[in-house]
Amino acid sequence: ESQIRRARAVVVKLENVTWAKGFMLAFAQLRCSLRFQRGAALQRSRCGQNSCRANRSRACGEHVGARVAMAAAAPSSHGDIKRYAEGPLFNQMVVHGGIVYLSGQVTADASQQVTVANQTKSTLDKIDALLSSARSDKSRILTAAIWLKDISTTKEMNEVWDAWLDKSNKPARATVEAKLVRPELLVEIQVTAAQAPLGGPVITSEAAAAVGPYNQGIVTQNGMLFISGCIGLDAATGEFAGPTIEAQTKQVLRNLDAILRAGGASGPERIIKTTILLADMADFGTVNEIYKSYFGDLRVPARACFAAKTLPKGALVEIEAIAELD
């Protein structure tokens with residue numbers, strides 16, 4: 001208010017009418033600005049009275065918007081919309097109506113991957129992992145958008161893309177040059193894909209292959225996932241991860257987790273029942289500790305555990321599971 005009174009006094013003393021008109025316009029703008037600031041201050045005060053816990057240096061409207069975004073991100077708020085890999089500003093993936101929407105993906109480590117080829121491969125690896133966790137894969141991609149820092153690097157990017165692509169299921173695609181969010185980034189890729197229909201076998205190279213005439217898992221039409229017994233074989237070598245109960249149990253859970261996510265479940269919290277088979281019940285305590293660490297603070301499922309005379313390939317431990325899909 002003191003600023004407004006001083007501005008009025010200056011206008012009264014002005015003799016030039018043109019100057020007065022110009023100054024009156026500036027005065028009106030100043031008054032409007034001060035009113036806006038007073039209103040914003042009042043709004044922040046009200047927000048504080050309503051237990052607003054955000055950093056008080058932020059505008060109250062921004063905090064309210066953040067709270068709305070956080071509420072929308074909770075799966076329980078919209079049962080038909082699933083959101084994955086939540087970040088501070090957005091989710092990495094959203095699934096609705098059988099369609100998987102990915103945010104733009106970039107390399108995992110731009111400081112180590114400094115070529116377009118390396119960054120493209122790293123980005124496509126991330127896309128593979130995200131799609132797998134949402135019951136989809138690159139053969140089901142509908143559209144792709146690719147942003148390059150330099151459009152002249154299209155050929156280098158295309159060579160990696162072409163080697164990765166499912167040739168019989170090419171998506172629609174657009175490629176443009178753009179200024180990316182960080183200067184070290186050379187490529188960003190966003191895709192939209194269809195989920196696989198419910199029902200049928202689960203097959204993933206991220207887990208050890210079946211050692212007999214069975215599938216790694218089966219998904220039913222009503223959204224249940226049955227995971228075959230997993231033993232401690234390394235997915236890459238087909239050999240046991242180690243001779244000890246610790247090494248084999250950890251590998252069993254890695255295999256089980258890969259099948260779980262490939263089948264469309266978001267994580268171990270979706271498991272509702274497990275069966276553990278041990279070659280020696282003396283290993284019960286050791287297996288329990290590793291098993292507990294896999295679930296962490298999540299709800300643990302129902303379980304049965306018993307010793308078997310002999311397990312496949314001389315394994316020390318085998319675990320099967322039943323889960324609900326998201």
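Because the structure is predicted, anything quoted here is derived from the model rather than measured. (Residues numbered from 1 in each chain as written. Predicted model: local features only at pLDDT ≥ 70, side-chain atom pairs only at ≥ 80, totals over all residues. Heavy atoms only, no water.)

Bringing the overall build of the protein into the picture now. Check the secondary structure of the protein and you find seven helices and twelve strands. Looking at the protein as a whole, 37% of its 326 residues qualify as buried. Across the protein, contacts joining residues at least 24 apart in sequence account for 66% of those joining residues at least 6 apart. Accessible area of the protein: about 18,600 Å², with a carbon and sulfur share of 56%. (Helix = DSSP H or I, 4+ residues; strand = E, 2+ residues; numbered from the N terminus. Buried < 20%, exposed > 50% of the residue type's maximum accessible area, 1.4 Å probe, protein only. Contact = heavy atoms within 4.5 Å. Areas by Shrake-Rupley, 256 points an atom, 1.4 Å probe, with all protein chains shown as cover.)

What follows is about the sheet that holds strand β9 (residues 224-230). Taken in spatial order, the six strands of this open sheet run β7-β8-β9-β12-β10-β11, and their pairing is mixed. The open sheet has two free edges, formed respectively by β7 (200-202) and β11 (302-307), since each of these has just one partner strand. Between one strand and the next, the sheet's axes are offset by a mean angle of 15°, whatever the strand orientation. Those strands touched by helix α7 (residues 284-295) are β10 (271-278), β11 and β12 (317-324), and its axis lies near 155° from that of β10. (Pairing = 2+ DSSP bridges. Axes fitted to C-alpha atoms, helices over the stretch in contact; angles between N-to-C directions.)

A few words on the packing of helix α6 (residues 245-262) against α7. The contact between α6 and α7 brings their axes to 10 Å, and the two run at 35°. Remark: the crossing between α6 and α7 carries right-handed chirality. For the pair α6 and α7, the contacting residues are Ile-245, Glu-246, Thr-249, Lys-250, Leu-253, Leu-256, Asp-257 and Leu-260 in the first and Thr-286, Val-287, Ile-290, Tyr-291 and Tyr-294 in the second. Class assignment for the residues of the contact of α6 with α7 results in eight nonpolar, two polar and three charged. (Left-handed = near helix turned anticlockwise from the far one by under 90°. Nonpolar A, V, L, I, M, F, W, Y, C, P; charged D, E, K, R; others polar.)

What follows is about the nonpolar core. Judged by nonpolar contacts, the single largest core of 28 residues is most densely connected at Leu-225, Ile-227, Leu-256, Leu-260, Ile-271 and Ile-319. Listing elements by their share of this core, those giving two or more residues are β9, α6, β10, α7 and β12. With eight residues, the top contributor of residues to this core is α6. Contacts of Ile-319, omitting those with residues within four sequence positions, involve Ser-228, Gly-229, Cys-230, Val-252, Leu-253, Leu-256, Thr-274, Thr-275, Ile-276 and Tyr-291. Judged by nonpolar contacts, the second largest core, of 25 residues, contains Leu-124, Leu-131, Met-157 and Trp-161. (Core = buried A, V, L, I, M, F, W, Y, C linked by side-chain atoms within 4.5 Å.)

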